[in-house]
Amino acid sequence: MKISLYIVFFSLFMTSLMASGKWSDGKPYAGEWSRGYVLSNLSIIGLGQYQLYTPSSFHRQRIKKIVVMLHGCISNPEEFLRSSRFDQKSEREGFAVLLPIQPKGSNLVNCWNWYAPLNFLKNLNPLFDLNEMDIVLKIMDQVQEELGVEERDTYGVGISAGGAMLSNLANCYPNRFSGVALHHTPMFLSTIYSWHSMYQLLLLAERGADISPEQAGRLGYGCALSGSAGGIQTPVPAIIFHGTKGQMNEKHAEEGAQEYYVFNDLLDNGVRDNSLGEFVSEFTTVQETYDYEVYTVTYNDRPFIVRYRIHELGHAWSGGDNNWNFNDPAGPSSTDAIVEFFMRHGL
């Protein structure tokens, strides 16, 4: 009886949060902005809520692609969507944007708990939800079914802690994404030994990961193959952004790109044989933005692993709207680069 009352109360509460037609600052938005939830044994701490943006330019039945965006700490879905201008890209290109919410019941500053061992382990028991990855996957399942979108027609974008959680997901469930974009994100399993020490976690920003990209890539491959969702897996294209002036050392981006290289090299044919080729670098000077370098691995005639090293950029979304926190309009537009990259991979 108590559980039934809780479900009814929670349903009424969520219904009261449905979109009113305007953003929080009172400006109208073009598409449909709605809120939903999935029920879970972890709902008691607030996990399972999400927001969904569907463009006005496309009827829901015509939407065939979803971009999942995981926000960073001290942030929320609306702020991430608007500051990155992904709502505008959604209107132009016709994809839906799905934004899972990390509630304060799970983390007081809304960080995804990517570093906790429970959140980088694949759940092999389908009877209950083990971790935050399970919740995000359950949200993806529900929205994909609602919109009639195929499982693989989904792309992921994350910044900082949200990017780290996305990297956990992409390494353990590569078949769920046709591409991922990571902005100021530590490497997969970077805290595998130091997760229990707050002091060591604080040092992580400067010193880099606990293990090498080679080790992390192999462990990611093992996670991808484990359990009932294992079997044949396909490589995951990845685009990575990092500034030279942020609190998090840029070596994290280097490690992340190398880990995705090892991971995808193994996913390609099960053999660590450098079948993806080599990184090729290009330096770009643009008068209107910070200078930047791009390191690219091409696979099957398409850019497959891309890393942007952006000079002078701090811990902020490059090219974002600085009316919101953690955005720097002086950087090249990472949103434009991400959408262009995703479109090369079927978006």
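Heads up: these notes are all about the structure in this document. Numbering of residues starts from 1 in each chain and follows the order in which that chain's sequence is written. Where totals are concerned, whole chains, interfaces and linings use all residues; where local detail is concerned, this predicted model gives features only for residues with pLDDT of at least 70, and gives and counts side-chain atom pairs only at 80 or more. The side-chain quantities take in all heavy atoms of the structure and omit both hydrogens and water.

Structural notes on empty space enclosed by the protein
Our working rule: Using only the protein atoms, space was sampled on a 1 Å grid; points where a 1.4 Å probe fits but cannot get out form cavities, open sets with protein on both sides within 12 Å along at least five of seven lines form pockets, and lining residues are those with an atom within 4 Å of a point. Grid points are joined across faces, edges and corners, and a volume is the space filled by probe spheres set on the points. In DSSP terms, a helix is any run of H or I states spanning at least four residues, a strand is any run of E spanning at least two, and both are numbered starting from the N terminus. Residue polarity follows a fixed list, in which Ala, Val, Leu, Ile, Met, Phe, Trp, Tyr, Cys and Pro are nonpolar, Asp, Glu, Lys and Arg are charged, and the others, Gly among them, are polar.
Tallied over the entire structure, the rule returns 1 cavity of 30 Å³ or more. By volume, the largest cavity amounts to about 50 Å³. Here the element with the most residues in the lining of the largest cavity is helix H8 (residues 251–269); it accounts for 3 residues. Residue classes in the lining of the largest cavity are distributed as 6 nonpolar, 3 polar and 1 charged.

Examining the nonpolar core
To be explicit about the condition: Here, the term nonpolar core denotes a set of buried Ala, Val, Leu, Ile, Met, Phe, Trp, Tyr and Cys residues that are joined through side-chain atoms within 4.5 Å. Remark: exposure states derive from per-residue accessible area (1.4 Å probe, protein chains only) relative to the maximum for the residue type, with buried under 20%, exposed over 50%, and partly exposed in between. In this analysis, two residues are considered to be in contact whenever any of their non-hydrogen atoms come within 4.5 Å of each other.
Formed by 61 residues in total, the largest nonpolar core has its most connected members in Ile66, Leu70, Leu98, Leu169, Val180, Tyr260 and Ile305. The residues touching isoleucine 66, leaving out its near neighbours within four places in the chain, are Ala96, Leu98, Val143, Gln144, Leu147, Val149, Asp153, Thr154 and Tyr155. Core analysis: the next-biggest nonpolar cluster, separate from the first, contains 30 residues, Tyr53, Met69, Trp317 and Phe342 among them.

Side note on the pairing of strand S10 (residues 302–310)
Our working rule: Whether two strands pair depends on DSSP finding at least two bridges between them.
The element S10 is extensively covered by neighbouring structure, given that 7 of its 9 residues are classed as buried. Relative to S10, strand S7 (residues 238–243) is paired through 6 bridges, and the arrangement is parallel. Bridge assignment links histidine 242 to a residue of S10, and that residue is arginine 309. Relative to S10, strand S9 (residues 292–299) is paired through 8 bridges, and the arrangement is antiparallel. Pairing of threonine 298 across the sheet is with proline 303, part of S10.

Brief notes about the pattern of salt bridges
Counted only if it meets this: For salt bridges, the criterion is a side-chain nitrogen of Lys or Arg within 4 Å of an Asp or Glu carboxyl oxygen.
This model, assessed by the stated rule, comprises 11 salt bridges. Between arginine 82 and glutamate 78 there is a salt bridge whose closest N-O contact spans 4.0 Å. Residue arginine 82 and its partner glutamate 78 are located together in helix H2 (residues 77–84), separated by 4 residues, close to a single helical turn. Its relative accessible area of 13% is what places arginine 82 among the buried residues.

A word on the layout of surface pockets
Within this model, the largest pocket holds a volume of roughly 800 Å³. If you trace the largest pocket, you find 30 residues lining it, with Cys73, Cys111, Ser160, Met248 and His315 closest to the centre. The dominant element in the lining of the largest pocket, judged by the number of residues it contributes, is helix H6 (residues 198–207), at 5 residues. Partitioned by chemical class, the residues of the lining of the largest pocket number 19 nonpolar, 10 polar and 1 charged.

A word on the state of the cysteines
So the rule is basically this: Here, a disulfide means two cysteine sulfur atoms that sit within 2.5 Å of each other.
One pass over the full model with this rule turns up 2 disulfides. Between the sulfur of cysteine 172 and that of cysteine 223 lies a disulfide, 2.0 Å long from S to S. Judged by the torsion about the S-S bond (100°), the cysteine 172/cysteine 223 disulfide is right-handed. Separated by 51 residues along the polypeptide, cysteine 172 in helix H5 (residues 161–172) and cysteine 223 in helix H7 (residues 213–225) bring together distant segments of the chain. Of the two residues examined, cysteine 172 and cysteine 223, each falls in the buried class.

Observations regarding the packing of aromatic side chains
Each aromatic ring pair is specified by the distance between its two centres and by the angle formed by the two planes. Heads up, the condition is: Only the six-membered ring of Trp is used, alongside the rings of Phe and Tyr, when aromatic pairs are assigned; centres must lie within 6.5 Å, and planes under 30 degrees apart are stacked while those over 60 apart are edge-to-face, with the rest tilted. Placement of a positive charge over a ring is assigned whenever Lys NZ or Arg CZ falls within 6 Å of the ring centre and within 35 degrees of the normal to the ring plane.
Within the structure shown, the criterion is met by 11 aromatic pairs. Arranged with centres 5.5 Å apart and planes meeting at 80°, the rings of phenylalanine 80 and tryptophan 317 form a pair that is edge-to-face. Of this pair, phenylalanine 80 sits in helix H2 while tryptophan 317 sits in strand S11 (residues 317–318), placing them 237 residues apart in sequence. Pairing tyrosine 299 with phenylalanine 304 gives two aromatic rings, centres 5.1 Å apart and planes at 75°, and the pair type is edge-to-face. Both residues of the pair, tyrosine 299 and phenylalanine 304, belong to the buried class. One aromatic cluster in this structure is built from Tyr155, Phe341 and Phe342. Between lysine 122 and the ring centre of tyrosine 173, over which it is positioned, the NZ or CZ distance is 4.9 Å.

Let's talk about unusual backbone geometry
Phi angles above zero are rare outside glycine, and serine 160 is one such case at about 55°. Along the chain, serine 160 turns up in the loop between strand S5 (154–159) and H5. Even without glycine at this site, asparagine 300 takes up a positive phi of about 55°. Counting through the fold element by element, asparagine 300 comes out in the loop between S9 and S10.

Overview of the sheet that holds strand S4 (residues 96–100)
Defined as follows: To get an axis, fit a line to the C-alpha atoms, keeping to the stretch in contact for a helix; angles then go from 0 to 180 degrees between the N-to-C directions.
Here 10 strands make up an open sheet; going across it, the order is S1-S2-S4-S3-S5-S6-S7-S10-S9-S8 and the pairing mixed. Each end of this open sheet is capped by a strand with a single partner; those strands are strand S1 (32–37) and strand S8 (280–284). The mean angle between the axes of side-by-side strands here comes to 15°, regardless of whether they run parallel or antiparallel. Across the sheet, H8 touches strand S6 (180–183), S7, S9 and S10, and the angle it forms with S10 is around 170°.

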